[in-house]
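As a plain string of letters, each chain reads:
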Amino acid sequence: MSHNGYLKLYQLRKPKLDIDYDVILLDEAQDTNPAIQDIVMRQKCARVVVGDRHQAIYSFIGAEDTLRKVQATRTLTLTKSFRFGHEIANVANALLRSFTDEKRVLIGRGRQIGNVEHLYGSEWGQRWWDWEEKDRLIDDHQENQENEQNEVSLSPRYDINEDPTKCRNVQSYAILARTNSTIFQVACNLMQINRPFLCISGVQGYGFADVLDTAYVLNGDVKKVTNPFLKRFKTGTSLQTYATKTSNQEIISRIKIIMSMGGPETVVHLCKRLIEKSKQHEVNYGNMTSIHHRMNLVHLGTVHKAKGLEFNNVMLADDFVDLNDGELREKVKRQMRGFVDEFNIVYVAVTRAKRRLRVGPSLRGFLNLTGMLNDIHVSLATQAEISDKKQRVCMACQCRISIEPNNLMVTLVTMSGEGFARGFCQSCLNNQVPQYCETVEKNTESMELVPTTPVANASTHGGDEEINNTWQSPEVEIDF
């Protein structure tokens with residue numbers, strides 16, 4: 001019998017837990033199994049229900065948001081996160097502000113301000129998954145301060161090229177993706193450059209064996225297939241026809257990955273090596289959790305597997321939903337099942353980061369249009385910019401643009417005070433200007449736009465008290 005089966009039988013017995021307990025705490029209430037919800041809420045003792053509705057990502061397996069159903073006698077709100085600083089909190093707030101009805105700000109109170117990387121550049125090459133060691137060096141002063149506070153004793157530093165199992169002066173990082181197919185592709189790339197990696201929650205949860213079986217079917221080696229469902233297909237053509245007619249996105253995605261990586265024969269060889277290498281890494285490094293953060297190691301996982309975890313450095317793949325899709329935004333605001341989960345997955349991914357967050361092109365374009373600005377300055381293109389023949393792209397949508405006389409050039413000033421002189425295409429500029437500006441002062445040399453809705457920043461708002469009464473994030477329901 002499955003877990004759900006005996007859980008349902010337990011619920012039907014109507015257990016009386018309040019005989020032995022004075023208080024029952026239900027955590028992760030936004031993703032509660034209806035059976036567990038019924039068991040907890042029928043008790044007569046005090047019940048504390050805790051959760052964040054923006055982290056509900058399991059409706060596809062029947063989970064429900066208990067926070068919306070409970071009639072609490074008292075509700076308390078948690079608005080401060082000590083995981084990250086205000087830069088990363090700003091990304092979360094930009095998402096909440098655009099897609100939800102939240103009215104209070106999520107305040108980042110981590111030890112470090114945090115850094116959101118690749119926000120204004122166009123860096124996204126073939127090796128986007130390779131976060132260079134020089135960009136992940138440990139801040140000695142900060143690290144020593146934290147170790148003194150936590151009374152942690154660290155091993156001596158080692159050269160960056162030595163055994164990754166030893167403590168070193170570089171931090172590990174996590175790559176979080178929406179799909180198992182992306183994780184498979186990245187894992188293969190890391191294996192090719194001999195970069196140690198660990199699959200979050202174990203390699204068995206990522207369907208690498210199913211990729212191998214799919215490759216077997218496409219290659220005509222049906223006898224080697226172990227998956228009972230895939231055994232039904234005698235040829236690769238029949239599998240592709242089934243996937244297309246039934247819109248089975250999981251199989252379609254698998255087939256696309258296999259074809260993009262050299263075809264089924266190549267992937268069969270890769271898959272066998274990958275499964276073996278993944279298990280080897282788990283044996284070698286899996287139990288060294290106390291020094292993972294100081295190893296040249298990559299944590300790979302989908303957002304569902306990373307839920308509840310945190311990492312110093314987080315890199316997001318670019319396989320999430322398109323946040324610039326207006327239809328998606330309307331469906332999320334109407335709380336349509338499935339679409340809300342897809343948005344929440346992005347929010348959960350962003351909030352796994354403690355120190356550094358690297359975003360992909362899609363999320364970067366959305367943030368450049370909606371949320372990461374402290375100030376905007378617009379001026380006419382200079383003669384040097386007009387004469388420069390270097391290819392330019394719109395910093396929001398990445399379309400090609402050319403600089404002509406009288407073109408407006410935009411300088412964005414971030415929370416850290418850095419300026420980025422880039423260009424917007426006309427469409428994105430039209431979106432940017434009305435959203436952030438109230439008054440326009442223009443003369444023959446320059447035009448300055450004054451923002452009216454800057455992103456919340458603890459350092460510019462005079463303290464928490466001025467922020468607490470504006471927006472809200474995670475909720476805590478307390479029922480006595």
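Everything quoted here is computed from the prediction, not taken from an experiment. (Residues numbered from 1 in each chain as written. Predicted model: local features only at pLDDT ≥ 70, side-chain atom pairs only at ≥ 80, totals over all residues. Heavy atoms only, no water.)

**Re helix α8 (residues 236-246)**
Along α8, the residues that are buried comprise G236, L239 and A243. What you see down the axis of α8 is that its buried residues fit within an arc of 65°, all on one side. Of the exposed residues in α8, the ones pointing more than 90 degrees away from its buried face are T237, T244 and K245. Looking one or two residues beyond α8, the residue adopting positive phi is S247, at roughly 55°. (Buried < 20%, exposed > 50% of the residue type's maximum accessible area, 1.4 Å probe, protein only. Helix = DSSP H or I, 4+ residues; strand = E, 2+ residues; numbered from the N terminus. Arc of directions from axis to C-beta.)

**Here we look at the pattern of salt bridges**
Under the criterion given, the structure shown has 17 salt bridges. For E327, the salt bridge goes to K331, with nearest N and O atoms at 3.0 Å. Placement of the pair is E327 and K331 together in helix α12 (residues 326-333), with a separation of four residues, close to one helical turn. For K331, a relative accessible area of 17% puts it in the buried group. Through salt bridges that share partners, R127, D130, E133 and R195 make up one connected network. (Salt bridge = Lys/Arg side-chain N within 4 Å of Asp/Glu carboxyl O.)

**Considering the nonpolar core**
With 82 residues, the main nonpolar core has F184, F208 and L363 as its most contacted residues. Setting aside anything within four residues of it in sequence, one finds F208 in contact with I183, F184, A187, C199, V203, C271, L274, I275 and S278. (Core = buried A, V, L, I, M, F, W, Y, C linked by side-chain atoms within 4.5 Å. Contact = heavy atoms within 4.5 Å.)

**A few points about the confidence of the model for the protein chain**
Across the protein chain, the average pLDDT comes to 77, with 72% of residues at 70 or higher. Here helix α17 (residues 465-468) stands out as the element of the protein chain with the lowest mean pLDDT, 31, in contrast to strand β7 (residues 173-177), whose mean of 96 is the highest. Ignoring residues within four places in sequence, the model shows residues 146-162, a span with pLDDT below 50, making 25 contacts including any to other chains. Across residues 413-421, where pLDDT falls below 50, the model places 26 contacts with residues more than four positions away in sequence or in other chains. (pLDDT = per-residue confidence, 0-100.)

**A look at the packing of aromatic side chains**
Taken as a whole and assessed by the stated rule, the structure comprises nine aromatic pairs. Where F99 meets F366, the ring centres are 5.8 Å apart and the plane angle is 55°; that geometry is what we call tilted. Taken together, the positions of F99 in helix α4 (residues 86-99) and F366 in helix α14 (residues 361-370) put the pair 267 residues apart, joining distant regions of the chain. F366 shares its class with F99; the two are buried. An aromatic cluster of at least three residues, connected via ring pairs, comprises F99, F343 and F366. Sitting above the plane of the F99 ring, R329 keeps its charged end 5.1 Å from the centroid. (Phe/Tyr/Trp six-rings, centres within 6.5 Å; stacked < 30°, edge-to-face > 60°. Lys NZ or Arg CZ within 6 Å of the ring centre and 35° of its normal.)

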